[in-house]
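# A structural walkthrough
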Amino acid sequence: MNESIEFKEFSSADWERQILLEISRILNPCFSANQGNETRFHILLSGGNTPLPIYRNFQRLNLNWSNFHIWLADERCVDLQDSERSETMIKKSLGDPILRQAKFHSPGTGNPTQMASEYNRQLIYHSFFDLTILGIGEDGHTASLFPKNDLGQNSSSSDVLPIYNSPKFPKERISLSLNKINQSNHVLFLVSGNGKKEIIQKIKVGYVCPATKVQGRYSTKVFYCID
């Protein structure tokens, strides 16, 4: 049994609401829109279709978005206008009211080495994330950390890894390293769909994969939509 990860299962009717409640629980004790707190908060977001409905509802959270820095867990090495780019999908889902206030950190464009270098430069003075939202692939990958690839868990690993051999299209990507992702206070894995049932069951009984190596400092939870 994997006891380092807390699993929560919800129906599709309740899944989004429970996730938003959890995000609010994590962030609102720190500050709310009604307080004049100047503390900066850093959240790490992943792309893909699963979390987009959650991002669309971020505006419902009682948060002062001008205090937020938004980072990407990984990115495809495609043009800024490409619809498959995580940055494009996430920004569209967050909407202009949030983007006008929050600081969104983009890795730019180029090949994996160039983009990783740029993001490493931006991250060099930033030590942790308050909240990280990730997914889990059917093979157990998370962000763009795939089984049998370098996960960036050595002491010499960079914060951002260039990837030229992703098993999923496109092959060229960047991803935050496991070491960097694990500098998160709270980690939420958002998982839905029948195709994910097998990997969730395997993880529950101790299967080791890139996703199971992610550990938040204070909490690591999987919110799984069971239908």
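Please refer to the structure higher up on the page.
## Remarks on the overall build of the protein chain
- Along the protein chain, the regular secondary structure elements total seven helices and ten strands.
- Here the C-alpha radius of gyration of the protein chain, 17 Å, is about what a compact globule of 227 residues would show, namely 17 Å.
- Sequence separation of at least 24 residues holds for 78% of the intrachain contacts in the protein chain that already meet a minimum separation of 6.
- Total accessible area computed for the protein chain in this model is approximately 10,600 Å², and 46% of it derives from carbon and sulfur atoms.
- Averaging the coordinates of the 25 positive side-chain charges in the protein chain and doing the same for the 23 negative ones gives two points 1 Å apart.

## Regarding the side chain of T142
- Within the element layout of this structure, T142 appears in the loop between strand 6 (129-134) and strand 7 (160-163).
- Separated by 2.7 Å, the side chain of T142 and the backbone oxygen of G135 make a polar contact.
- Contacts of T142, omitting those with residues within four sequence positions, involve L134, G135, F189, P210, A211 and V214.

## Some thoughts on the layout of surface pockets
- Of the pockets and cavities examined, the largest pocket occupies roughly 490 Å³.
- For the largest pocket, the lining is made up of 25 residues, of which G47, G48, N49, H141 and K168 are closest to its centre.
- Of all the elements, strand 4 (residues 74-76) adds the most residues to the lining of the largest pocket, at three residues.

## Some thoughts on the sheet that holds strand 3 (residues 68-72)
- A sheet is described by the order of its strands in space; here seven strands give the open sequence 1-10-9-6-2-3-5, paired in parallel fashion. Looking at strand neighbours, the two that pair on one side only are strand 1 (6-10) and strand 5 (103-104), the edges of this open sheet.
- In this sheet, strand 5 lies alongside strand 3 in parallel orientation, the contact comprising two bridges. When the bridges of strand 5 are listed, I70 appears paired with F104.
- Here helix 1 (residues 12-27) sits on the sheet in contact with strand 1, strand 3, strand 6, strand 9 (184-192) and strand 10 (219-225), set at roughly 160° to strand 10.

Each value, and the rule that gives it
Residues numbered from 1 in each chain as written. Predicted model: local features only at pLDDT ≥ 70, side-chain atom pairs only at ≥ 80, totals over all residues. Heavy atoms only, no water. Helix = DSSP H or I, 4+ residues; strand = E, 2+ residues; numbered from the N terminus. Rg over C-alpha atoms; globule rule 2.2 N^0.38 Å. Contact = heavy atoms within 4.5 Å. Areas by Shrake-Rupley, 256 points an atom, 1.4 Å probe, with all protein chains shown as cover. Lys, Arg positive; Asp, Glu negative; His and termini not counted. Charge placed at Lys NZ, Arg CZ, Asp CG, Glu CD. Polar contact = N/O pair within 3.5 Å; in protein donor to acceptor, adjacent residues only side chain to side chain. 1 Å grid on protein atoms, 1.4 Å probe; cavity = no way out; pocket = protein on both sides within 12 Å on 5 of 7 lines; lining within 4 Å. Points joined across faces, edges and corners; volume = space filled by probe spheres on them. Pairing = 2+ DSSP bridges. Axes fitted to C-alpha atoms, helices over the stretch in contact; angles between N-to-C directions.

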